[in-house]
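Listed below are the residues making up each chain.
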Amino acid sequence: MTAQHKPDIAFGQDFVKSLVNIPPRQQKKVNDFISKFHKNPTSSGINYEKIINAGDSNMRSVRIDQAYRCILLKPESGNTYVMLWVDHHDDAYQWASRHACKIHPSTGSIQIVPTSILEESEAPATEKPIEERLFKEVRDRQLLAIGVPEDMATRVANVSDEKELESLETRLPVEAYEALYLLAAGESYESVYLEYSGEGGDVDTNDFEAALKRTVTQRSFAIITDDLELQNMLNAPLDMWRVFLHPSQRKLVAKQNNGPVRVLGGAGTGKTVVAMHRAVHLAKNLLNNGKGKILFTTFTKNLAKDIEQNLKKIATTDELDRIDVVNIDGFVRKFLKHQNYDFKVVFDNDTELQKCWDNALALSDGSLGLPNSFYKEEWQHVVQKNNVT
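Here is what the cut-offs are and how they apply
Each chain has its residues counted from 1, running along the sequence as written. Only residues with pLDDT of at least 70 are given local features in this predicted model, and only at 80 or more are side-chain atom pairs given and counted; all residues enter the totals for whole chains, interfaces and linings. Only heavy atoms go into the side-chain values, all of them from the structure, while hydrogens and water stay out. For the purposes of this entry, the term helix denotes a DSSP run of H or I that reaches at least four residues, the term strand denotes a run of E that reaches at least two, and both are numbered from the N terminus. When a residue's accessible area, from a 1.4 Å probe over protein chains only, is under 20% of the maximum for its type it is buried; when over 50% it is exposed; and in between it is partly exposed. Here, two residues are considered to be in contact whenever any of their heavy atoms come within 4.5 Å of each other. Here the Shrake-Rupley method, with its probe set to 1.4 Å, supplies the accessible areas, and only the displayed protein chains count as covering residues. Charge assignment in this entry is limited to Lys and Arg as positive and Asp and Glu as negative, and neither His nor the chain termini are counted. By convention, charge coordinates are those of NZ in Lys, CZ in Arg, CG in Asp, or CD in Glu. To count toward a patch, a residue needs a relative accessible area above 30% and no salt bridge. Like charges then connect within 9 Å, nonpolar side chains (Val, Leu, Ile, Met, Phe, Trp, Tyr) within 5 Å. Between Lys or Arg on one side and Asp or Glu on the other, a salt bridge is scored when a side-chain nitrogen of the former is within 4 Å of a carboxyl oxygen of the latter. Simply put, an axis is a line fit to the C-alpha atoms, just over the touching stretch for a helix, and the angle between two N-to-C directions goes from 0 to 180 degrees. The labels follow the angle: roughly parallel below 35 degrees, roughly antiparallel above 145, roughly perpendicular from 65 to 115, and oblique for the rest. Handedness of a crossing follows from how the near helix is turned relative to the far one, being left-handed for an anticlockwise turn of less than a right angle and right-handed for a clockwise one. One less than the residue count of a helix, multiplied by 1.5 Å, gives the span that helix is expected to have. Whether two aromatic rings pair depends on their centres lying within 6.5 Å, for rings of Phe, Tyr and Trp, where Trp uses its six-membered ring; planes under 30 degrees apart make the pair stacked, over 60 edge-to-face, and the rest tilted. Both a distance and an angle decide whether a charge sits over a ring: NZ of Lys or CZ of Arg must be within 6 Å of the ring centre and within 35 degrees of the ring normal. Pairs of cysteine sulfur atoms within 2.5 Å are what we label disulfides. One requirement defines pairing of two strands: DSSP has to find at least two bridges between them. Here the nonpolar core consists of buried residues drawn from Ala, Val, Leu, Ile, Met, Phe, Trp, Tyr and Cys, with membership extended through side-chain atoms lying within 4.5 Å.

## A word on the overall build of the protein chain
Of regular secondary structure, the protein chain possesses 17 helices and 10 strands. In terms of principal-axis extent, the alpha carbons of the protein chain reach across some 95 × 60 × 40 Å. Within the protein chain, buried positions represent 39% of all 389 residues. Taking contacts inside the protein chain between residues at least 6 apart in sequence as the whole, the part at least 24 apart equals 61%. Entry remark: accessible area of the protein chain is about 23,200 Å², with carbon and sulfur atoms responsible for 49%. In the protein chain, 47 positive and 54 negative side-chain charges are present, and the distance between their average locations comes to 6 Å.

This is the structure we're talking about:
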């Protein structure tokens, strides 16, 4: 008798987020369950419960303890299981009733789709004139090609501005919203299509094993294929998932650039995560190839401290020594002091600054009849902006 092939277990982003939010005691129980599950998902000790009101017929509930349940996808065929959510019993079942797990027919990616999307066809959006649409140059079939669910294509096509697009964020799969956000920010359809369209070819919307292997799916799902990889994941601190990279992020981290690069993305899409890994990547190169340091700047002190703590989880001591994390104001102060520059920082409501303006305005030509606001706007938008000396 041949040994049964161990199952592949995939973890969705939502599963990781839900795991972080349950009590530590239950987190440990979830980890113990996953280890046992990976050894034998058909064990008699695993009680699969069908969820009557689930948004997807392949969803099952499994017991973690008396009060907590894990929601997973158990496809009709194959040996791949997808962990979707973990929560208190009632909350877990509510999540299952509000979501479906589908394979997009165009991109071939696995998507967690709110069931409210499936009701969109019952209440179609009012058609807006082409010139009033945010995506007026993009056809419905092109929206489908970058991951917009079929039942949402008409609704998305009628979005009039970025604010309306943002209102749809919780109703769209993560990668579909990312793609639309980039389009709204001015990226060309061609570049977004290359990043989000999938690998091409025929898509079997029932083959989850094949879907998990596609790069476009790996934005939101991580597949674990062996015991060592599973144990490394379970033993890592939960906040390590904040520095987990999907394939498109890895490209940004390791890419060779000839100049500045702008990375666009909505809230929670991982821009800071990419920046942290990029800093470590560059620090490694410095250790191997020469001297120098990496400057990592932020707008706030608190964010700088948070980033510095997270870097300690993904960088060696030598790499950390090559990275300075500091808010931009702090960096400027430090630089000016190092250059022995005598200065004082003042803000808009500072009395010292008002004295400077009073002195300057006293020298203005009153015959011109210009209001004081004109000079302040000229200073801000012309003199400072263009470095007029």
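Moving on from the model shown.
## Overview of a positive patch on the surface
On the surface, Lys301, Lys305, Arg333 and Lys337 cluster together into a positively charged patch. Put simply, the parts of the chain that give the positive patch at least two residues each are helix H13 (301–311) and helix H15 (328–338). One can find Arg333 in helix H15.

## Examining the packing of helix H7 (residues 174–184) against helix H8 (residues 189–196)
H8 packs onto H7 with a crossing angle of 160° between their chain directions and a minimal axis gap of 9 Å. Here H7 is positioned roughly antiparallel relative to H8, judged by the angle of their axes. Both H7 and H8 take part in a crossing whose hand is right-handed. Judged by residue contacts, Glu175, Glu178, Ala179, Leu182 and Leu183 of H7 engage Tyr189, Val192 and Tyr196 from H8.

## Considering helix H12 (residues 271–289)
Taking 1.5 Å of rise per residue, 19 residues should cover 27 Å, and H12 covers 27 Å from first to last C-alpha, within 8% of that figure. When H12 is considered as a whole, its buried residues turn out to be Val273, Val274, Met276, His277, Arg278, Ala279, Val280, Ala283 and Leu286.

## Thoughts on the packing of aromatic side chains
The full count for this structure, using the stated rule, is eight aromatic pairs. An aromatic cluster is built from Phe33, Phe37 and Tyr81, whose rings are joined through pairwise contacts. Lys74 extends its terminal NZ or CZ atom over the ring of Tyr48, reaching a point 5.3 Å from the ring centre. The side chain of Lys376 reaches across the aromatic face of Trp357, ending 5.5 Å from its centre.

## Topic: the pattern of salt bridges
Within the structure shown, the criterion is met by five salt bridges. A salt bridge links Lys29 to Asp65, with the nearest nitrogen and oxygen atoms 3.2 Å apart. Remark: Asp65 occurs in the loop between strand S3 (59–63) and strand S4 (68–73) and Lys29 occurs in helix H2 (residues 24–39); sequence separation between them is 36 residues. A relative accessible area of 13% places Asp65 in the buried class.

## Examining the state of the cysteines
Evaluated as defined, the whole model comprises zero disulfides. Cys101 provides the cysteine sulfur closest to Cys70, a residue in no disulfide bond, and the two sulfurs are 13 Å apart. On the accessibility criterion, Cys70 (1% relative accessible area) is buried.

## Topic: the sheet that holds strand S1 (residues 8–12)
Strand order in the open sheet made by the six strands is S2-S3-S4-S5-S1-S8, with mixed pairing throughout. At either end of the open sheet lies a strand with only one pairing partner, and these are strand S2 (49–50) and strand S8 (221–224). Two strands pair when backbone bridges link them, and S4 and strand S5 (residues 80–88) are joined in this way by six bridges, in the antiparallel orientation. Bridge pairing in S5 places Arg69 opposite Asp87. Its contacts with the sheet put helix H3 (residues 89–98) on S2, S3, S4 and S5, and the angle it makes with S5 is roughly 130°.

## Quick look at the environment of Ile112
Position of Ile112 relative to the elements: it lies in strand S7 (residues 110–114). Residue classification places Ile112 among the buried positions, given a relative accessible area of 16%. In contact with Ile112, not counting residues within four places along its chain, are Asp14, Leu84, Trp95, His99, Ala100, Cys101, Pro173 and Phe221.

## Quick word on the pairing of strand S10 (residues 323–327)
Side-chain alternation along S10 places Ile323, Val325 and Asn327 on a buried face and Asp324 and Val326 on a face that remains uncovered. Note: strand S9 (residues 294–298) against S10, five bridges, orientation parallel. Bridge pairing links Ile294 to Ile323 in S10.

## Quick word on the nonpolar core
Formed by 22 residues in total, the largest nonpolar core has its most connected members in Phe135, Ile146, Val156, Leu180 and Leu183. Elements with a contribution of two residues or more to this core: helix H4 (140–145), helix H5 (153–157), H7 and H8. One finds Met59, Ile71, Ala96 and Cys101 within the second-largest nonpolar core, a separate group that totals 21 residues.

## Focus on unusual backbone geometry
Phi at Asn340 takes a positive value of approximately 60°, unusual for a residue other than glycine. Structurally, the position occupied by Asn340 is in the loop between H15 and helix H16 (351–362). Located in the positive-phi region is Asn387, a residue other than glycine, with phi close to 55°. Tracing the sequence through the fold places Asn387 in the segment after helix H17 (372–384).

Geometric descriptors of this kind do not, in isolation, establish any biological role.
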